[in-house]
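# Overview (structure and organization)
Spelled out, the chains give:
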Amino acid sequence: QRNKIPQNSETACKYRIFEVPLQSKYQTNMKYLPRIADKVLENRLSYMGAVLIEGPKWCGKTTTAAQQSKSVLRLQDPDMRGAYLATAATKPSNLLKGNTPRLIDEWQDAPALWDAVRMAVDERGGEPGQFILTGSNSIDRTQILHSGTGRISRMKMSPMSLYESGESTGAVSLKELFDNPDTDIDGCISEMGVNDLIRSACRGGWPASLRLGNSAEALRIAKEYLDGVVEADIISVDGVKRDPALAKAIIRTYSRNLSTLAKRANLLRDVNAMNDSCSDRTYDDYVKALTRLFVIQDLPAWSPAVRSATVIRKSPKRELADPSIAVAAMGISPATLEMDLKTFGFIFECMAMRDLRAYSQAMYGELSYYHDRYDLEADCVLHLDDGRYALIEFKLGSAEIEMGAKHLLEIRELVRKYNNKEGQLKLREPDLLMVITGGSIAYTRPDGVKVIPLASLKD
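All of these numbers come straight from a predicted model, not from anything done at the bench.

When its secondary structure is counted, the protein shows 16 helices and 13 strands. For the protein, the C-alpha radius of gyration of 23 Å lies close to 23 Å, the compact-globule estimate for 459 residues. Based on the C-alpha atoms only, the size of the protein along its principal axes is roughly 65 × 60 × 55 Å. Evaluated residue by residue, the protein yields a buried proportion of 54% over its 459 residues.

So, in structure tokens, the structure goes:
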């Protein structure tokens, strides 16, 4: 069947090349690897005057934008930076001249360009595909006059998913499952064992690390990223001087509580065990800055009306943009995680969240989680903008699949009981129930729950 990858690995590799031109995980001399964001950007440029691409540094925003741009303005070019900033301060429209789409890289270095782009889109009659803006910081609204609504579309990028890096077989399409929940996935395979997943999580989805293949240096990229964040980016994000040691302590605390519902008070207590000078206000300031840098990406709670709001947990789930950040912050290695699969289970969930962010992009998906005080939970709820949604559990090993499926079925039954009550708005039943695992073979259980290896998924 078309959605299945044959068991023979050589045949599977040939099949995948015909499906999408991704590189082999063993190839080190890489050219541009196609991204899921490519088609998202192309689509938005077809109807919007400008598109802003945001996301963590080093995730590939500029490289992806450059594939579709016809001219480029690089504000951090050291030879031209002074001239560009002077022009932006006096007549920013001069910097917008060039073939379109025109890429403006790190636009936040000259915030006046935001309003100049918005004005240029208006003056050109709203013609789509005029500009692409990239930046690693969220918009500083105090320095712009207009929100850009109706002129500038915002899209987020993440570090590369396993499918984009060529490691997932892509045998199971998330979009196909939503469009046809009865799609036969039985026998679809993953070519990654647990140790392969551990190494990929430690390396991360940074394009620079993929170019280094399986070398020891590939594992250094995340450490370099972390050092850059705490030494420079956390200051440049808004010009406020901050302590690198405290910034690293906060990221380390997040890493130790990754994919949990750890309370703010507990996180602060943990930070002060490493750095005793952090007040509530200081902690909040650092977390806000790290969120603006897209390092911290907390997962919000889904609060349906199936139970009283007083019994549904609302605190965010602690997440980072990429699992390798946690590995680097905690100073652990692939060999350490091979001996500590319990810790890797939380890191695996972070990696799965990263991949789902990428896979759901084209469907305008949003991620949340469900957990109530009765310990009924779904690790992830993937909502599409048309109302469809999936309940998802992440379970590294096969022994935990039964428990994950039980939780999902109980939530579905809770929705059904709620809908059977009279005099209230009905809640849509989940369209998909999925347990995403570190296993090797996908299948649909008799109760309808789909068990899918992370390294067999694609968008």
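A separate point is the nonpolar core. Core analysis: the largest hydrophobic core is formed by 82 residues, its most contacted members being Ile 250, Ile 251, Tyr 283, Val 295, Phe 344, Ile 392 and Phe 394. Excluding its chain neighbours within four sequence positions, the residues that come into contact with Ile 250 are Val 271, Tyr 283, Tyr 286, Val 287 and Leu 290. If you look at the next biggest cluster of nonpolar residues, it comprises 21 residues, including Val 381, Ile 401, Ile 411 and Leu 433.

Across all of its chains, the model carries 29 salt bridges by this definition. As a salt-bridge pair, Asp 227 and Lys 248 come within 3.3 Å of each other at their nearest N and O atoms. Here Asp 227 is found in helix H9 (residues 220-236), whereas its partner Lys 248 is found in helix H10 (residues 244-256), with 21 residues between them in sequence. Under the relative-accessibility criterion, Asp 227 is labelled partly exposed at 29%. For Asp 447, the salt bridge is made with Arg 445, and the minimal N-O distance between the two is 2.7 Å. For Arg 445, a relative accessible area of 14% corresponds to the buried category.

This paragraph deals with the side chain of Asp 105. Structurally, Asp 105 can be placed in strand S3 (residues 102-105). Buried within the structure, Asp 105 lacks any salt-bridge partner; its nearest side chain of opposite charge belongs to Arg 74, at an N-O separation of 4.0 Å.

The geometry of H10 relative to helix H12 (residues 280-292) is characterised by a closest axis approach of 10 Å and an angle of 75° between their N-to-C directions. Classified by the angle their axes make, H10 and H12 are roughly perpendicular. Along the contact surface, H10 presents Leu 246, Ala 247, Ile 250, Ile 251 and Tyr 254, while H12 presents Thr 282, Tyr 283, Tyr 286, Val 287 and Leu 290. Considered class by class, the residues forming the contact of H10 with H12 number nine nonpolar, one polar and no charged.

Here we come to the confidence of the model for the protein. Of the residues in the protein, 91% reach a pLDDT of 70 or more, and the chain-wide mean stands at 89. Long-range and interchain partners of residues 1-29, a stretch whose pLDDT sits below 50, account for 53 contacts in this model, where long-range means more than four residues apart.

Turning next to the sheet that holds strand S10 (residues 432-437). The mixed open sheet is built from six strands, whose spatial order is S7-S8-S9-S10-S12-S11. Where the open sheet ends on each side, the last strands, each with one partner, are strand S7 (366-371) and strand S11 (443-444). With four bridges joining them, S10 and strand S12 (residues 450-453) adopt parallel strand pairing. Considered in S12, the bridge of Thr 437 is made with Pro 453.

Time to look at empty space enclosed by the protein. With the rule as written, the count across this model stands at two cavities of 30 Å³ or more. Each pocket or cavity is described by its volume, and for the largest cavity that value is around 50 Å³. Forming the walls of the largest cavity are Arg 35, Ile 36, Ala 37, Met 157, Ser 158, Pro 159, Glu 164, Arg 357, Ala 358 and Gln 361. Here the lining of the largest cavity is built from residues that sort into five nonpolar, two polar and three charged. Of the pockets and cavities examined, the second largest cavity occupies roughly 30 Å³. Along its surface, the second largest cavity is lined by Lys 57, Ser 136, Tyr 225, Val 229, Asp 233, Leu 293 and Val 295. For the lining of the second largest cavity, the class distribution of residues is four nonpolar, one polar and two charged.

Definitions and cut-offs
By convention here, each chain's residues receive numbers from 1 onward along its written sequence. Owing to the predicted nature of the model, reporting of local features is limited to residues with pLDDT of at least 70; listing and counting of side-chain atom pairs is limited to 80 or more, with chain, interface and lining totals taken over all residues. For side-chain calculations, the full set of non-hydrogen atoms in the structure is used, while hydrogens and water are omitted. Secondary structure elements are defined from DSSP: runs of H or I of at least 4 residues count as helices, runs of E of at least 2 residues count as strands, and each element is numbered from the N terminus. Both definitions apply: the radius of gyration is a C-alpha atom measure, and the globule rule equals 2.2 Å times residues to the power 0.38. Exposure classes here rest on a 1.4 Å probe applied to the protein chains alone. A residue is buried below 20% of its type maximum, exposed above 50%, and partly exposed in between. Take the buried Ala, Val, Leu, Ile, Met, Phe, Trp, Tyr and Cys residues and link them wherever side-chain atoms come within 4.5 Å; each set so joined is a nonpolar core. Should any heavy atoms of two residues lie within 4.5 Å, those residues are considered in contact. Salt bridge, as used here, is a side-chain nitrogen of Lys or Arg placed within 4 Å of a carboxyl oxygen of Asp or Glu. By the counting rule applied here, Lys and Arg register as positive and Asp and Glu as negative, while His and the ends of each chain are not counted. Note on definitions: angles span 0 to 180 degrees between N-to-C directions of axes, and those axes are lines fitted to C-alpha atoms, for helices only across the stretch in contact. In these notes the angle categories are as follows: under 35 degrees is roughly parallel, over 145 is roughly antiparallel, 65 to 115 is roughly perpendicular, and the rest is oblique. Nonpolar residues are Ala, Val, Leu, Ile, Met, Phe, Trp, Tyr, Cys and Pro. Charged residues are Asp, Glu, Lys and Arg, and all others, Gly as well, are polar. Each residue carries a pLDDT value, the predictor's own confidence for that position, ranging from 0 to 100. Pairs of strands are assigned from DSSP output, requiring at least two bridges between the strands. Here a cavity denotes a set of grid points, spaced 1 Å apart and computed over the protein atoms alone, in which a 1.4 Å probe fits but from which it cannot get out, and a pocket denotes an open set meeting protein on both sides within 12 Å along at least five of seven lines; residues with an atom within 4 Å of a point are reported as lining. Grid points are joined across faces, edges and corners, and a volume is the space filled by probe spheres set on the points.

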